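The residues making up each chain are set out below.
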Amino acid sequence: MNRRFGVVTSSFPRRQGDWAGRFVLTQLRRRSTCDPAVPDVIACGLPEGAGRVEGVSVFRVGGERLFSGPGAPEVWDAASGLARGALALEALGVVYRLVDAIRSRSPGWGGVESHWMVPSALAVALAAPGLPHTSFVHSGDLAWLRAAPGGAALARWIVPRCQRVVCVSAPLARQLRELLGTWPAGVPLDVAPMPVDAELFARAAAPPPRAYRVLGVGRLVPIKGFDLLLRAVGGLPLPERPPVRLLGEGPEAPRLQTLATRLGVELSVPGAVSPTTVAAALREAAVCVVPSRALPGPRAGSASRTEGMPLVAREALAVGTPLVVAHTGGLADLRSEPGVFTFPPGDARMLRCVLSSVLRARNTETA
């Protein structure tokens with residue numbers, strides 16, 4: 001009989017080609033090349049109950065409002081008063097259902113991995129404290145722990161109950177250490193960016209022709225900084241102004257469309273697309289821009305919130321697309337990579353200068 005191991009995650013693809021939590025599925029596939037153990041995934045989202053996604057067993061427990069769309073930190077930040085209280089109750093309900101699912105499905109698991117410390121690692125610590133547990137920490141869960149009342153105390157309770165903790169970027173690891181104050185002895189803290197689908201995002205044998213297009217990929221929420229990208233492009237001379245394509249969906253979409261119209265930028269926002277479409281778009285683009293900004297901390301004097309390591313940055317590197325990134329969060333770790341150009345976060349003027357230089361270089365290459 002094949003060995004089994006658990007995977008508890010607040011985001012996992014809901015169907016063939018779905019982008020949500022795709023890197024978790026990619027990680028499972030990478031693991032399967034050296035470990036025959038069969039994954040048993042418990043995830044948030046709909047439809048509730050047992051199912052399969054691309055050959056992987058998945059059991060879903062709901063929580064669609066919190067853990068899809070804009071993302072839990074954005075949903076939490078947008079709420080206040082009674083609405084925030086209702087969200088807190090909903091989150092407790094999701095944790096309860098995760099705990100119940102883990103208890104019923106974990107007999108026979110050799111170990112468990114969780115993605116997003118809240119709710120996933122919390123549920124594992126409550127439901128299966130004796131199992132070897134690796135907790136993967138991303139930017140959203142750490143942002144929530146830093147913002148929520150009692151978040152630091154909750155993190156101090158969860159981490160000692162893990163066998164290993166992995167952050168997706170070095171800045172996140174530093175922030176997690178700062179949140180705990182004293183790191184518990186015997187719990188390794190590692191840094192490992194989420195894996196890229198090597199087949200889908202393979203570099204072409206010959207450099208493909210590049211359209212004169214600027215590409216952005218991600219949720220359309222403030223931390224992604226796509227409004228900065230539009231302001232940067234809108235400040236270029238009209239003959240040099242490229243069309244912009246944003247792949248993703250989110251509450252900022254109408255505002256971005258309005259801003260693009262006002263600035264005279266040709267903008268395409270097709271919504272959520274498959275990973276295959278993202279890979280093709282990266283090969284066609286003259287440049288991929290990840291203009292992430294740092295958002296203010298939850299309290300006066302507290303550290304700002306930054307992104308961990310947006311997966312599209314690593315995908316662009318894998319494909320070989322020139323990459324322009326804000327020097328913030330995990331993206332700062334890419335500054336020495338070939339083909340990567342950085343600018344100060346939040347600085348649309350410097351982004352425009354860097355973008356102009358990269359686009360002119362691409363024009364020269366294809367002339």
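Here the structure is a predicted model, which means the values were calculated and not measured.

Glancing now at the sheet that holds strand β7 (residues 164–167). The sheet built from eight strands is open, its strands ordered β3-β4-β2-β1-β5-β6-β7-β8 with mixed pairing. The open sheet has two edge strands, β3 (45–53) and β8 (189–191), and neither has a second partner. Strand-to-strand, the axes of this sheet are offset by a mean angle of 20°, without reference to chain direction. Pairing between strand β6 (residues 133–137) and β7: four bridges, direction parallel. Within β7, the residue paired with Phe-136 across the bridge is Val-166.

With that settled, the discussion passes to the packing of aromatic side chains. Summed over all chains, the structure comprises one aromatic pair. Here the aromatic rings of Phe-23 and Trp-116 are separated by 5.7 Å at their centres, their planes lie at 45°, and the arrangement is tilted. Taken together, the positions of Phe-23 in helix α1 (residues 22–32) and Trp-116 in the loop between β5 (109–115) and α4 (117–127) put the pair 93 residues apart, joining distant regions of the chain. Given the relative accessible area of 14%, Phe-23 is considered buried. Positioned above the aromatic ring of Phe-5, the side-chain terminus of Arg-31 is 3.6 Å from the ring centre.

Look at the link from Leu-46 to Pro-47: it is a cis peptide, with omega at -5°. Among the secondary structure elements, Pro-47 is positioned in strand β3. With an omega of 15°, the peptide bond running from Val-118 to Pro-119 counts as cis. When you line up the elements, Pro-119 lands in helix α4. Non-glycine residue Glu-54 carries a positive phi angle of around 50°. Overall, the relative accessible area of 23% leaves Glu-54 in the partly exposed class. Residues other than glycine seldom take positive phi values, yet Trp-116 does so here, at roughly 80°. On the basis of relative accessible area, Trp-116 is assigned to the buried category, the value being 15%.

Tallied over the full model, the rule gives 15 salt bridges. Asp-227 is the partner of Arg-255 in a salt bridge, and the nearest nitrogen-oxygen pair spans 3.9 Å. Of the two residues, Arg-255 sits in helix α9 (residues 253–263) while Asp-227 sits in helix α8 (residues 226–234), which places them 28 residues apart along the sequence. Judged by its relative accessible area of 40%, Arg-255 is partly exposed.

A few words on the nonpolar core. Formed by 85 residues in total, the largest nonpolar core has its most connected members in Phe-12, Ile-102, Val-165, Leu-176 and Leu-323. If near-sequence neighbours (up to four positions away) are discounted, Ile-102 is found in contact with Val-8, Ile-42, Trp-109, Ala-123, Val-124, Ala-127 and Ala-128. Listed in part, the 26 residues of the second largest apolar core include Leu-220, Ala-253, Leu-355 and Leu-359.

Conventions used here
- Residues numbered from 1 in each chain as written.
- Predicted model: local features only at pLDDT ≥ 70, side-chain atom pairs only at ≥ 80, totals over all residues.
- Heavy atoms only, no water.
- Pairing = 2+ DSSP bridges.
- Helix = DSSP H or I, 4+ residues; strand = E, 2+ residues; numbered from the N terminus.
- Axes fitted to C-alpha atoms, helices over the stretch in contact; angles between N-to-C directions.
- Phe/Tyr/Trp six-rings, centres within 6.5 Å; stacked < 30°, edge-to-face > 60°.
- Buried < 20%, exposed > 50% of the residue type's maximum accessible area, 1.4 Å probe, protein only.
- Lys NZ or Arg CZ within 6 Å of the ring centre and 35° of its normal.
- Salt bridge = Lys/Arg side-chain N within 4 Å of Asp/Glu carboxyl O.
- Core = buried A, V, L, I, M, F, W, Y, C linked by side-chain atoms within 4.5 Å.
- Contact = heavy atoms within 4.5 Å.

Honestly, that's just the spatial picture; any functional story needs more than this.
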